Each structure stands twice: as C-alpha cells, then as structure tokens.
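# Understanding the architecture of this molecule
If you want the building blocks of each chain, they are given just below.
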Amino acid sequence: MNSKIFLTTIAFLLTLLFCSAQDTKSLEGTWNLTITEDGKEVPSWLEIKHSGNSALIGRFCYKFGSARPVSEILLSGAKFSFSIPAQWEPEGFDMQIIGEPAGEGLKGVLIYTDGEIYNWVASRTPKLAYNENLKWTKPKALFNGENLEGWTALGENQWLVENGILKSPKPGANLRTNETFKDFKLHVEFKYPKDSNSGIYLRGRYEVQVADNAGLEPSNILFGGVYGLITPNEMVAKQAGEWQEYDITLIGRRVTIVANGKTIVKDQNIAGMTGGALDNNEAAPGPILIQGDHGPIELRNITISVPK
C-alpha cells in the first residue's frame with residue numbers, strides 16, 4: 001500500500017475517535033452497495049444498527065465470502081468509517097470503508113487490502129412483498145436431462161450431461177438459468193464427492209450452501225445455510241456420494257428450506273445478498289445459479305413452480 005495513503009487513512013480514522021457523533025438515523029438500516037472496481041460494477045451489502053445508547057455496529061458482505069461482523073462504526077460529522085479484517089482477500093491491510101450520506105443514499109470509498117482505492121454508492125435494500133396465499137403452477141423442468149438448453153455457463157464451460165445427470169466434474173464456471181424468477185418453489189437433487197463444496201443461488205443473489213458437512217453442527221456457512229446469514233435448525237446432510245435433495249420456497253425475502261425431507265429453515269427473512277451475488281437489484285427477478293467454481297457436483301430433477 002502507498003505509505004502516504006496509509007498514513008492519511010490512519011490519521012483520518014484516529015481523528016474519528018475524538019469527534020462527536022452525528023444523527024445516525026440516516027445511516028441505520030441495510031444498504032446495497034455498488035463498488036466500481038477497474039471499470040466493473042460489483043455488488044456488496046452493508047448493515048448498520050445501534051448497540052446500546054449510541055454505539056453503531058453492523059455487518060458487511062463484500063463481493064465474495066460471507067457477511068462479516070462490524071464491531072464498531074466510527075463517526076466524524078457526516079462521515080462514517082469502519083475496518084474489515086481479510087477473509088478471502090489477498091494478504092495486506094484490513095479493508096477500510098469510508099462513507100457519507102448522498103441524497104437518499106450513501107457514497108464513499110473502499111480501500112482494499114493491497115491499498116487500491118475504489119468508489120462506491122449505495123441505496124437502501126428494497127422491501128420485498130410477502131404473499132402467504134399464493135397458488136402455484138405445476139412444477140416445470142429446468143433441466144431436460146439431455147443437454148444445457150436453457151442454461152448459460154458464466155465463463156469457460158466445464159459442465160456436461162451424462163445419462164440424464166448434470167455434472168461439473170472440476171472447478172470452473174458457475175451455471176445459470178436463462179430464465180429469471182421472482183417468487184418460486186424449487187426442487188433440486190444433487191450429490192457430491194468427499195470434501196466438495198457448491199451452492200444454489202436463489203435469484204442469483206442468495207446462496208444456499210451445498211457441502212460435505214455430514215455430522216457437523218449446523219452453521220450458516222455449512223450445508224443448508226443461507227451463506228453467512230441463516231443457520232439451519234439441524235444438520236441433515238447425508239454422506240458424500242449419496243443423492244440428496246432441497247425443496248426451497250422463496251417469497252419476497254422469506255425462505256423455507258426442506259432438506260432431505262426435513263424443514264431446516266422456516267419462513268426466515270434473508271437480510272441481504274450473499275457473497276458471489278450476480279447483482280444487487282433485489283426487486284427484480286433473477287436466475288437460479290449453480291456454483292461451479294468450487295468443487296465437483298452432480299444434479300438431476302431440477303424443477304420450479306411459480307405463482308399462478
């Protein structure tokens with residue numbers, strides 16, 4: 001990191017420690033960030049809330065990884081700042097996020113672990129309507145058992161179809177449906193080899209973890225969890241090499257996950273996007289995306305129902 005930038009940043013952050021707090025109501029809540037990195041826009045997510053009488057804490061989810069706790073958000077006039085220890089980023093300094101209100105949103109800069117500085121803007125996460133009285137269509141096949149029709153690999157394709165099974169034999173591109181969906185009931189059957197890791201992204205934004213975690217305690221980063229956000233009631237993963245299944249209902253932000261016949265998440269709100277989201281336009285329909293950039297996975301009987 002450029003030493004001048006580093007010293008300037010540290011000086012700024014130290015100054016914040018001795019400044020009076022602003023009215024924080026304009027900051028509190030959840031925010032969808034769009035970070036401009038090397039000419040590309042990448043989605044991120046931030047939560048700011050009170051702890052006690054005046055302290056601000058929160059969570060931050062970068063473009064990959066899980067939501068990370070923010071133990072203290074510092075204030076100076078209209079500006080705020082916090083740091084985030086590295087998770088999957090290259091070694092270096094803790095990431096620094098500095099922001100301020102901008103109209104009805106926020107704007108600021110992110111100083112990456114290598115010292116690069118990126119601009120970002122943010123808008124409040126949208127409220128998504130929940131309708132508990134939906135009637136559903138009959139399930140429609142998303143995978144025809146013969147080829148990749150209806151799907152697109154997001155990169156160099158390693159996906160193939162053999163004997164009616166959709167396979168990613170090695171790490172490579174993620175795979176998404178060409179069609180997009182708002183509310184739906186998704187059924188998917190899958191299996192993986194020992195120690196493998198994958199995931200199913202709902203609307204391309206919320207990852208339900210698929211991983212070899214049989215016998216472990218439930219966690220929001222393990223089998224059946226909404227990655228980094230929602231922990232299942234229990235661990236119901238089978239052993240590697242066995243066929244397993246998810247039945248997932250997503251209405252608005254509320255998700256219910258039935259795994260291997262047991263309800264492990266029931267009507268839980270998904271607070272924001274998980275790492276690896278395609279975009280942050282949460283009010284829009286999005287695709288079903290299968291993670292192919294981690295470990296091998298096989299799938300079959302992928303079907304979806306939507307509201308009538």
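Our structure's up above, just so we're on the same page.
Below: a short report on this structure. (Residues numbered from 1 in each chain as written. Predicted model: local features only at pLDDT ≥ 70, side-chain atom pairs only at ≥ 80, totals over all residues. Heavy atoms only, no water.)

## A few points about the nonpolar core
Ranked by internal contacts, the top residues of the largest apolar core, which has 45 residues, are Leu202, Tyr246, Val255, Leu299 and Ile302. Elements represented by at least two residues in this core include exactly strand S15 (184–191), strand S16 (197–202), strand S17 (206–211), strand S18 (244–251), strand S19 (254–259), strand S20 (262–269) and strand S22 (297–305). Setting aside chain neighbours within four positions, we find Leu202 in contact with Phe184, Leu186, Val208, Ile248, Leu250, Val255 and Pro287. Of all hydrophobic cores here, the second largest spans 24 residues; its members include Trp31, Leu106, Tyr112 and Tyr118. (Core = buried A, V, L, I, M, F, W, Y, C linked by side-chain atoms within 4.5 Å. Buried < 20%, exposed > 50% of the residue type's maximum accessible area, 1.4 Å probe, protein only. Helix = DSSP H or I, 4+ residues; strand = E, 2+ residues; numbered from the N terminus. Contact = heavy atoms within 4.5 Å.)

## Section: the pattern of salt bridges
For the coordinates displayed, the defined rule picks out eleven salt bridges. Arg68 is paired through a salt bridge with Glu89; the nearest N and O atoms lie 2.4 Å apart. Within this pair, whereas Arg68 is found in strand S4 (residues 68–70), its partner Glu89 is found in the loop between strand S6 (79–84) and strand S7 (95–102), the two being separated by 21 residues in sequence. Note that Arg205 is salt-bridged to Asp279, the shortest N-O span being 2.7 Å. Here Arg205, found in the loop between S16 and S17, pairs with Asp279, found in the loop between S20 and strand S21 (289–290); they are 74 residues apart in sequence, far enough to count as distant. Given a relative accessible area of 1%, Arg205 falls into the buried group. On the basis of relative accessibility, which here comes to 30%, the residue Asp279 falls in the partly exposed class. (Salt bridge = Lys/Arg side-chain N within 4 Å of Asp/Glu carboxyl O.)

## Regarding the packing of aromatic side chains
The full count for this structure, using the stated rule, is ten aromatic pairs. Plain terms: the ring middles of Phe223 and Tyr246 are 5.3 Å apart, the flat faces sit at 50° to each other, and that makes the pair tilted. Here the residue Phe223 occupies a position in the loop between S17 and S18, and Tyr246 occupies one in strand S18, the gap between them amounting to 23 residues. We note that Phe223, like Tyr246, is buried. Here the aromatic residues Tyr62, Phe64, Tyr112 and Tyr118 are joined through ring pairs into a cluster of three or more. Its end group placed over the ring of Tyr130, Arg254 keeps NZ or CZ at 3.8 Å from the ring centre. One Lys or Arg, Arg300, reaches over the ring of Trp243 and ends 4.0 Å from the middle of that ring. (Phe/Tyr/Trp six-rings, centres within 6.5 Å; stacked < 30°, edge-to-face > 60°. Lys NZ or Arg CZ within 6 Å of the ring centre and 35° of its normal.)

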